[in-house]
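# Inside the fold
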Amino acid sequence: MRIGLYPGTFDPITLGHMDIIRRASALVDRLVIGVAINRDKGPLFSLEERVAMIESECASLSAQTGTEIVAHPFENLLIDCARDVGAQVIVRGLRAVADFEYEFQMVGMNRVLDNSIETVFLMAEARHQAIASKLVKEIARLGGDVSQFVTPLVNTALKERLGS
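Let me begin by describing the structure that accompanies this report. Residue positions are given per chain, counting from 1 as you read along its sequence in written order. pLDDT decides what is reported in this predicted model: residues at 70 or higher carry local features, side-chain atom pairs at 80 or more are listed and counted, and totals for whole chains, interfaces and linings draw on all residues regardless. Hydrogens and waters are ignored; side-chain quantities use all the structure's heavy atoms.

## Here we look at the overall build of the protein
What counts, and what does not: Comment: elements are numbered from the N terminus, with helices defined as DSSP H or I runs of at least four residues and strands as E runs of at least two. Taken over C-alpha atoms, the radius of gyration is set against a globule rule of 2.2 Å times the number of residues to the power 0.38. Note on exposure labels: buried denotes an accessible area under 20% of the residue type's maximum, exposed denotes more than 50%, and partly exposed covers the range between, all computed with a 1.4 Å probe on protein chains only. Throughout, a residue-residue contact means that at least one pair of heavy atoms, one from each residue, lies within 4.5 Å. A 1.4 Å probe and the Shrake-Rupley method give the accessible areas. Residues count as covered only by the protein chains that appear here. Within this scheme the basic residues Lys and Arg register as positive and the acidic residues Asp and Glu register as negative, but His and the chain ends are omitted. One atom stands in for each charge, and that atom is NZ of Lys, CZ of Arg, CG of Asp or CD of Glu.
Across its full length, the protein carries six helices and five strands. Scaling as 2.2 N^0.38, a compact globule of 164 residues should have a C-alpha radius of gyration of about 15 Å, and the protein matches this with 15 Å. Referenced to the eigenvectors of the C-alpha coordinate spread, the extents of the protein come out at roughly 45 × 35 × 30 Å. Within the span of the protein, comprising 164 residues, buried residues form 46% of the whole. A fraction of 76% describes how many contacts in the protein between residues 6 or more apart in sequence connect residues 24 or more apart. Within the structure as shown, the protein displays about 8600 Å² of accessible surface, and the carbon and sulfur contribution to it stands at 55%. On the protein, the mean spot of the 17 positive side-chain charges and the mean spot of the 21 negative ones are 2 Å from each other.

## Observations concerning the pattern of salt bridges
Quick note on the threshold: A carboxyl oxygen of Asp or Glu within 4 Å of a side-chain nitrogen of Lys or Arg is what we treat as a salt bridge.
The final tally for this structure, using the stated rule, is 13 salt bridges. Ionic pairing is found between Lys137 and Asp11, a salt bridge with its closest N-O pair at 2.8 Å. Taken together, the positions of Lys137 in helix α5 (residues 133-141) and Asp11 in the loop between β1 (3-8) and α1 (15-24) put the pair 126 residues apart, joining distant regions of the chain. Asp11 shares its class with Lys137; the two are buried. Among the salt bridges present, the one from Asp114 reaches Arg83, with a minimum N-O distance of 3.0 Å.

## Observations regarding the packing of aromatic side chains
Under the convention used in this document: Each pair of aromatic rings taken from Phe, Tyr and Trp, with Trp reduced to its six-membered ring, is defined by centres within 6.5 Å and is described as stacked if the planes are under 30 degrees apart, edge-to-face if over 60, and tilted in the remaining cases.
This model, assessed by the stated rule, comprises three aromatic pairs. An angle of 80° between the planes, with centres 5.3 Å apart, marks the rings of Tyr6 and Phe10 as edge-to-face. Judged by relative accessible area, Tyr6 falls into the buried class, the value being 6%. Residue classification places Phe10 among the buried positions, given a relative accessible area of 2%. Here the aromatic rings of Phe100 and Phe104 are separated by 5.7 Å at their centres, their planes lie at 35°, and the arrangement is tilted. Taken together, the residues Phe100 and Phe104, both in helix α4 (residues 97-113) and four residues apart, mark about one turn of the helix. The exposed category is assigned to Phe104, whose relative accessible area is 56%.

## Observations concerning unusual backbone geometry
Here the residue pair Asp11 and Pro12 is connected by a cis peptide bond, since its omega of 0° sits within 30 degrees of zero. Here Pro12 lies in the loop between β1 and α1. Here the phi dihedral of Phe10 falls at roughly 50°; this positive angle occurs in a residue that is not glycine. Within the element layout of this structure, Phe10 appears in the loop between β1 and α1.

## Thoughts on the nonpolar core
Buried together is how nonpolar side chains tend to be arranged in soluble globular proteins. Under the convention used in this document: Residues enter a nonpolar core if they are buried and are Ala, Val, Leu, Ile, Met, Phe, Trp, Tyr or Cys, with the set joined through side-chain atoms within 4.5 Å.
With 33 residues, the main nonpolar core has Tyr6, Ile13, Ile21, Leu31, Ile33, Ile54 and Leu158 as its most contacted residues. Breaking this core down by element, the ones donating at least two residues are α1, β2 (30-36), α2 (47-65), β3 (68-74), β4 (89-94), α5 and α6 (152-162). With sequence-adjacent residues up to four places away left out, Tyr6 is seen in contact with His17, Ile20, Ile21, Leu31, Val32, Ile33, Gly34, Val91 and Gly93. In terms of nonpolar packing, the next biggest core, distinct from the first, is built from 13 residues, Val32, Ile79, Cys81 and Ala82 among them.

The following block contains the structure:
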């Protein structure tokens, strides 16, 4: 069984994330969405809320593709999380050249820690390349319309959380 790990904070999950999840699910039999606990980022949504959003958003995709898609919270090193879930591949989404520079460093470090786990980069579709959770939260916080960047479920959750 081919197992992939797609890590991130997913605060909140966006259409860009869903694009990567959809395409990654074609490459593996089981896709683990690693939900980083990362307290330093001060997430808008709790870990439980982020996991619930991912599970809700990915249920129909899992049924369509036949790929098992599960959310898995983690707070340890990414490479240790990959080992914990039995992943042979780490999936990373790229939006721009700046993403690549950071990801290139991460791959190098992860290869030193465990060279048996590969990293695969998937470019976001052009229409999703500008989407970043941080920007979505900022737009929503200032009363802007984020419906073109997130699913209806996430849009509602943002409005409820931010009172907009």
